[in-house]
Amino acid sequence: VYDQMSVVGRYQNFRELYQVQIKGDRTPTQLTYGLRASQPAFSPSGKELLFVQQKGAGTDLVLFQLSNSKTKTILSSRLGERYSDPTFVNQNQFVFSWRTKSSSDKLYLYDLTTGRMSPILNDFNEANRSLYTRQGLFFVSSKNGINNLYLSNDFNGQTAGTAVAISNTTTSIQDADWDSK
(Lines give C-alpha, C1' and ligand atoms only; values in the text may rest on other atoms or scores of the structure.)
Protein backbone atom coordinates (compact mmCIF):
# COMPACT_ATOMS: atom_id res chain seq x y z
CA VAL A 1 0.00 0.00 0.00
CA TYR A 2 1.28 3.44 -0.87
CA ASP A 3 0.04 7.00 -1.09
CA GLN A 4 0.04 8.77 -4.43
CA MET A 5 -0.29 12.47 -5.06
CA SER A 6 -2.63 13.56 -7.85
CA VAL A 7 -3.55 16.95 -9.23
CA VAL A 8 -7.16 17.86 -8.44
CA GLY A 9 -8.54 20.80 -10.33
CA ARG A 10 -5.85 23.09 -11.58
CA TYR A 11 -3.86 24.03 -8.48
CA GLN A 12 -4.44 21.42 -5.78
CA ASN A 13 -2.56 18.21 -5.06
CA PHE A 14 -4.17 15.54 -2.88
CA ARG A 15 -3.01 12.10 -1.83
CA GLU A 16 -4.95 8.84 -1.82
CA LEU A 17 -4.04 5.26 -0.92
CA TYR A 18 -3.45 2.54 -3.50
CA GLN A 19 -2.73 -1.16 -3.19
CA VAL A 20 -0.57 -3.26 -5.49
CA GLN A 21 -0.20 -7.04 -5.36
CA ILE A 22 3.42 -8.17 -5.49
CA LYS A 23 2.50 -11.44 -7.20
CA GLY A 24 0.13 -11.66 -10.15
CA ASP A 25 -1.64 -8.62 -11.56
CA ARG A 26 0.25 -5.51 -10.50
CA THR A 27 -2.46 -3.08 -11.54
CA PRO A 28 -2.90 -0.60 -8.66
CA THR A 29 -6.26 -0.59 -6.88
CA GLN A 30 -7.34 2.70 -5.36
CA LEU A 31 -8.39 2.20 -1.72
CA THR A 32 -9.44 5.71 -0.69
CA TYR A 33 -11.42 8.37 -2.56
CA GLY A 34 -11.48 12.00 -1.48
CA LEU A 35 -9.89 11.22 1.91
CA ARG A 36 -6.55 12.99 1.33
CA ALA A 37 -4.87 9.91 2.82
CA SER A 38 -1.12 9.52 3.32
CA GLN A 39 1.46 7.69 5.44
CA PRO A 40 -0.26 4.27 5.59
CA ALA A 41 0.73 1.79 8.31
CA PHE A 42 -0.47 -1.83 8.36
CA SER A 43 -1.76 -3.34 11.58
CA PRO A 44 0.04 -6.57 12.61
CA SER A 45 -3.01 -8.60 11.48
CA GLY A 46 -2.87 -6.98 8.04
CA LYS A 47 -6.62 -6.33 8.20
CA GLU A 48 -6.45 -2.60 8.94
CA LEU A 49 -4.45 0.40 7.91
CA LEU A 50 -3.84 3.49 9.96
CA PHE A 51 -3.28 6.61 7.89
CA VAL A 52 -2.93 10.37 8.15
CA GLN A 53 -5.81 12.34 6.67
CA GLN A 54 -5.05 15.89 5.59
CA LYS A 55 -7.67 18.50 6.35
CA GLY A 56 -7.89 22.27 6.10
CA ALA A 57 -5.52 23.27 8.88
CA GLY A 58 -4.54 19.99 10.53
CA THR A 59 -4.61 16.23 10.26
CA ASP A 60 -6.56 13.22 11.52
CA LEU A 61 -5.40 9.69 12.29
CA VAL A 62 -7.85 7.31 10.63
CA LEU A 63 -8.28 3.53 10.90
CA PHE A 64 -9.24 1.88 7.58
CA GLN A 65 -10.76 -1.63 7.35
CA LEU A 66 -9.36 -3.36 4.27
CA SER A 67 -12.27 -5.84 4.06
CA ASN A 68 -15.03 -3.24 3.66
CA SER A 69 -13.27 0.15 3.23
CA LYS A 70 -14.90 1.54 6.39
CA THR A 71 -13.05 4.32 8.17
CA LYS A 72 -12.98 5.44 11.78
CA THR A 73 -11.32 8.67 12.89
CA ILE A 74 -9.15 7.86 15.91
CA LEU A 75 -7.72 11.33 16.58
CA SER A 76 -8.60 14.71 15.11
CA SER A 77 -6.10 17.55 15.50
CA ARG A 78 -7.04 21.09 16.36
CA LEU A 79 -6.33 24.09 14.17
CA GLY A 80 -2.60 24.36 13.44
CA GLU A 81 -1.67 20.97 14.91
CA ARG A 82 -0.35 17.95 13.03
CA TYR A 83 -0.29 14.18 13.51
CA SER A 84 2.18 12.15 11.46
CA ASP A 85 4.16 8.95 11.09
CA PRO A 86 1.88 6.31 12.65
CA THR A 87 3.33 2.85 13.28
CA PHE A 88 1.67 -0.11 14.99
CA VAL A 89 3.40 -1.61 18.03
CA ASN A 90 0.87 -4.43 18.37
CA GLN A 91 -2.73 -4.97 17.25
CA ASN A 92 -4.08 -2.52 19.84
CA GLN A 93 -1.40 0.15 20.11
CA PHE A 94 0.38 2.54 17.80
CA VAL A 95 3.00 5.27 18.08
CA PHE A 96 2.73 8.58 16.23
CA SER A 97 4.19 12.06 16.22
CA TRP A 98 2.14 15.06 17.37
CA ARG A 99 3.08 18.67 16.81
CA THR A 100 1.01 21.22 18.68
CA LYS A 101 0.98 24.96 18.07
CA SER A 102 3.17 25.50 21.13
CA SER A 103 5.61 22.59 20.89
CA SER A 104 7.83 20.61 18.57
CA ASP A 105 7.03 17.09 17.38
CA LYS A 106 6.76 14.58 20.23
CA LEU A 107 6.11 10.84 20.17
CA TYR A 108 2.92 9.45 21.69
CA LEU A 109 1.54 5.98 22.31
CA TYR A 110 -2.18 5.46 21.64
CA ASP A 111 -4.16 2.46 22.90
CA LEU A 112 -7.11 1.53 20.67
CA THR A 113 -8.83 -0.52 23.40
CA THR A 114 -8.82 2.19 26.07
CA GLY A 115 -8.62 5.34 23.92
CA ARG A 116 -5.73 6.56 26.09
CA MET A 117 -2.81 8.50 24.73
CA SER A 118 0.49 9.07 26.54
CA PRO A 119 3.76 10.78 25.62
CA ILE A 120 6.88 8.64 25.30
CA LEU A 121 10.60 9.48 25.11
CA ASN A 122 10.04 13.04 26.30
CA ASP A 123 13.75 13.88 26.27
CA PHE A 124 13.83 13.83 22.48
CA ASN A 125 13.13 17.07 20.59
CA GLU A 126 11.51 17.09 17.16
CA ALA A 127 10.82 13.34 17.42
CA ASN A 128 9.09 11.95 14.33
CA ARG A 129 9.39 9.38 11.53
CA SER A 130 8.60 6.55 13.94
CA LEU A 131 8.89 2.94 12.77
CA TYR A 132 8.34 -0.06 15.02
CA THR A 133 10.27 -3.25 14.18
CA ARG A 134 11.34 -6.41 16.00
CA GLN A 135 14.48 -4.51 16.98
CA GLY A 136 12.44 -1.78 18.70
CA LEU A 137 11.16 1.69 17.95
CA PHE A 138 13.19 3.68 15.42
CA PHE A 139 12.64 7.43 15.15
CA VAL A 140 14.33 10.63 14.04
CA SER A 141 15.07 13.39 16.55
CA SER A 142 17.06 16.61 16.69
CA LYS A 143 18.08 15.96 20.31
CA ASN A 144 21.70 16.85 19.51
CA GLY A 145 20.71 19.79 17.29
CA ILE A 146 20.63 17.83 14.00
CA ASN A 147 18.12 15.19 12.87
CA ASN A 148 19.62 11.77 13.63
CA LEU A 149 18.25 8.25 13.82
CA TYR A 150 17.57 6.71 17.26
CA LEU A 151 16.48 3.29 18.49
CA SER A 152 14.54 2.54 21.66
CA ASN A 153 15.04 -1.21 21.96
CA ASP A 154 13.53 -1.48 25.44
CA PHE A 155 10.15 -0.17 24.27
CA ASN A 156 7.46 -2.67 25.25
CA GLY A 157 4.18 -0.93 24.44
CA GLN A 158 3.98 0.37 28.00
CA THR A 159 7.04 2.53 28.44
CA ALA A 160 9.98 3.56 26.35
CA GLY A 161 12.84 3.88 28.75
CA THR A 162 15.88 4.82 26.72
CA ALA A 163 17.03 5.34 23.17
CA VAL A 164 20.47 5.29 21.60
CA ALA A 165 21.72 7.19 18.59
CA ILE A 166 22.12 5.00 15.53
CA SER A 167 23.54 7.78 13.36
CA ASN A 168 25.72 10.80 13.99
CA THR A 169 25.42 12.96 10.91
CA THR A 170 26.30 16.61 10.45
CA THR A 171 23.56 17.13 7.86
CA SER A 172 20.12 15.62 8.56
CA ILE A 173 18.43 12.23 8.57
CA GLN A 174 14.96 12.45 6.98
CA ASP A 175 13.59 8.91 6.59
CA ALA A 176 14.85 5.45 7.49
CA ASP A 177 13.80 1.81 7.38
CA TRP A 178 15.22 -1.34 8.90
CA ASP A 179 16.06 -4.56 7.08
CA SER A 180 15.07 -7.33 9.47
CA LYS A 181 17.25 -9.94 7.75
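This is a predicted model, so every value here is computed, not measured. (Residues numbered from 1 in each chain as written. Predicted model: local features only at pLDDT ≥ 70, side-chain atom pairs only at ≥ 80, totals over all residues. Heavy atoms only, no water.)

Peer 1: For this particular structure, what's the right way to read the sheet that holds strand β12 (residues 128–133)?
Peer 2: The strands that make up a sheet are held in pairs by hydrogen bonds between backbone atoms, and each pair lies either parallel or antiparallel. With respect to topology, 4 strands assemble into an open sheet ordered β12-β13-β14-β15, the strand pairing being antiparallel. Since the sheet does not close on itself, it has two edges, and those belong to β12 and β15 (164–165), each with one partner. In this structure, strand β13 (residues 136–141) lies alongside strand β14 (residues 148–152), joined through 5 bridges in antiparallel fashion. Counted as the bridge partner of F138 is L151 from β14. (Pairing = 2+ DSSP bridges. Helix = DSSP H or I, 4+ residues; strand = E, 2+ residues; numbered from the N terminus.)

Peer 1: How should I be thinking about the pattern of salt bridges in this particular structure?
Peer 2: Pairing between side chains becomes possible if they bear opposite charge and their charged atoms approach one another. All chains considered together, the criterion is met by 6 salt bridges. Taking the shortest distance from any N to any O, the salt bridge between D60 and K55 comes out at 3.0 Å. When its relative accessible area of 9% is taken as the criterion, D60 is described as buried. Note on K55: relative accessible area 29%, which makes it partly exposed. As a salt-bridge pair, R129 and D85 come within 4.0 Å of each other at their nearest N and O atoms. Of this pair, R129 sits in strand β12 while D85 sits in strand β8 (residues 82–90), and the two are 44 residues apart along the sequence. Overall, the relative accessible area of 31% leaves R129 in the partly exposed class. Residue D85 is classed as buried on the basis of its relative accessible area of 11%. One salt-bridge network, in which partners are shared between bridges, spans R82, R99, D105 and E126. (Salt bridge = Lys/Arg side-chain N within 4 Å of Asp/Glu carboxyl O. Buried < 20%, exposed > 50% of the residue type's maximum accessible area, 1.4 Å probe, protein only.)

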